[in-house]
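Structure at a glance
So the chains spell out like this:
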Amino acid sequence: MLTSHTKALCCSGNFYKPDDVRKFSMSQVGYVLGENAMKMSYFVGYGSSYPQYVHHRGFSIPIDATTGCKDEFKWLYLDDPPKCSSGSTSWRSLSQ
């Protein structure tokens, strides 16, 4: 907004200044990194509390496995997941 010299953004009849948009953006980054009710980072490997068991087909199934679509969940709750997804983001934790 500052680069384009836009003084305000109109959204649903409300006007927001560049500083308002920046503060909101930073609050969203903070939320993802752990400034939320669960005090948990949704960025795997960041902070002291983050998802330990992220289920993502690409990270949950071992590289050398021969499997079909119905088999993917057998690796979900292993104590030692086959791959580490450090650096990925998650919308929730599957850890119990």
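Going by the structure above, here's the rest.
Quick summary incoming for the structure in this document.

How each quantity is defined
Within any chain, residue numbers begin from 1 and follow the written order of that chain's sequence. Note on the predicted model: pLDDT of at least 70 is required for a residue's local features to be given, and 80 or more for side-chain atom pairs to be given and counted; whole-chain, interface and lining totals, by contrast, use all residues. Just so you know, side-chain values use all the structure's heavy atoms and leave hydrogens and water out. For helices the rule is a DSSP run of H or I covering at least 4 residues; for strands it is a run of E covering at least 2, with both sets numbered from the N terminus onward. A simple rule labels every residue: compare its accessible area, found with a 1.4 Å probe on the protein chains alone, to the largest value its type can have, and call it buried under 20%, exposed over 50%, or partly exposed in between. Contacts between residues were defined by any pair of non-hydrogen atoms, one from each residue, lying within 4.5 Å. The Shrake-Rupley method, run with a 1.4 Å probe sphere, supplies the accessible areas, and residue values consider only the shown protein chains as cover. Any Lys or Arg side-chain nitrogen found within 4 Å of a carboxyl oxygen on Asp or Glu counts as a salt bridge. We define a polar contact as two N or O atoms separated by no more than 3.5 Å, with the added condition that, inside protein, one atom must be a possible hydrogen donor and the other a possible acceptor, whereas residues neighbouring each other in sequence contribute only through side-chain atom pairs. By definition here, a helix of n residues has an expected span of 1.5 Å times n minus one. Patches were defined on residues exceeding 30% relative accessible area and lacking a salt bridge, with like-charge contacts within 9 Å and nonpolar side-chain contacts (Val, Leu, Ile, Met, Phe, Trp, Tyr) within 5 Å.

1. Remarks on the overall build of the protein
A tally of regular secondary structure across the protein gives two helices and two strands. If you list the helices and strands of the protein from N to C, you get β-β-α-α. Per-residue burial for the protein yields a buried fraction of 22% across its 96 residues. Contacts in the protein between residues at least 24 apart in sequence constitute 34% of all its contacts with a sequence separation of at least 6. Approximately 7600 Å² of the protein is accessible, and the part contributed by carbon and sulfur atoms is 57%.

2. With respect to the pattern of salt bridges
According to the stated counting rule, one finds one salt bridge in the structure shown. In this structure, Asp-19 and Lys-23 form a salt bridge, with 3.3 Å as the shortest nitrogen-oxygen distance. Residue Asp-19 and its partner Lys-23 are located together in helix α1 (residues 18-32), separated by four residues, close to a single helical turn.

3. Here's the deal with unusual backbone geometry
Even without a glycine there, the phi angle at Ser-12 is positive, about 55 degrees. Within the secondary structure, Ser-12 is located in the loop between β1 (9-11) and β2 (14-16). Phi at Lys-39 takes a positive value of approximately 55 degrees, unusual for a residue other than glycine. Along the chain, the position of Lys-39 falls in the loop between α1 and α2 (57-60). Assessed through its relative accessible area of 61%, Lys-39 is described here as exposed.

4. Here we look at the side chain of Asn-36
Relative to the helices and strands, Asn-36 resides in the loop between α1 and α2. Polar contacts involving the side chain of Asn-36 include one to the main-chain amide nitrogen of Met-38, which spans 3.1 Å. Once residues lying within four places of it in the same chain are set aside, the contact partners of Asn-36 are Tyr-31 and Tyr-42.

5. Examining α1
Helix length check: α1 (15 residues) gives 21 Å between terminal C-alpha atoms against 21 Å at 1.5 Å per residue, within 8%. Within two residues after α1, Gly-34 carries a phi angle of roughly 125 degrees, on the positive side.

6. Describing a nonpolar patch on the surface
Residues Val-29, Tyr-31, Val-32, Leu-33, Phe-43 and Tyr-46 make up a contiguous nonpolar surface patch of roughly 490 Å² in combined accessible area. When you line up the elements, Leu-33 lands in the loop between α1 and α2.

7. Details of the side chain of Ser-41
Checked against the element boundaries, Ser-41 lands in the loop between α1 and α2. Residue classification places Ser-41 among the buried residues on the basis of a relative accessible area of 2%. Polar side-chain contacts of Ser-41 include one of 3.3 Å to the backbone oxygen of Tyr-46. The residues contacting Ser-41, other than those within four sequence positions of it, are Val-32, Leu-33, Gly-34, Tyr-46, Ser-49, Tyr-50 and Pro-51.

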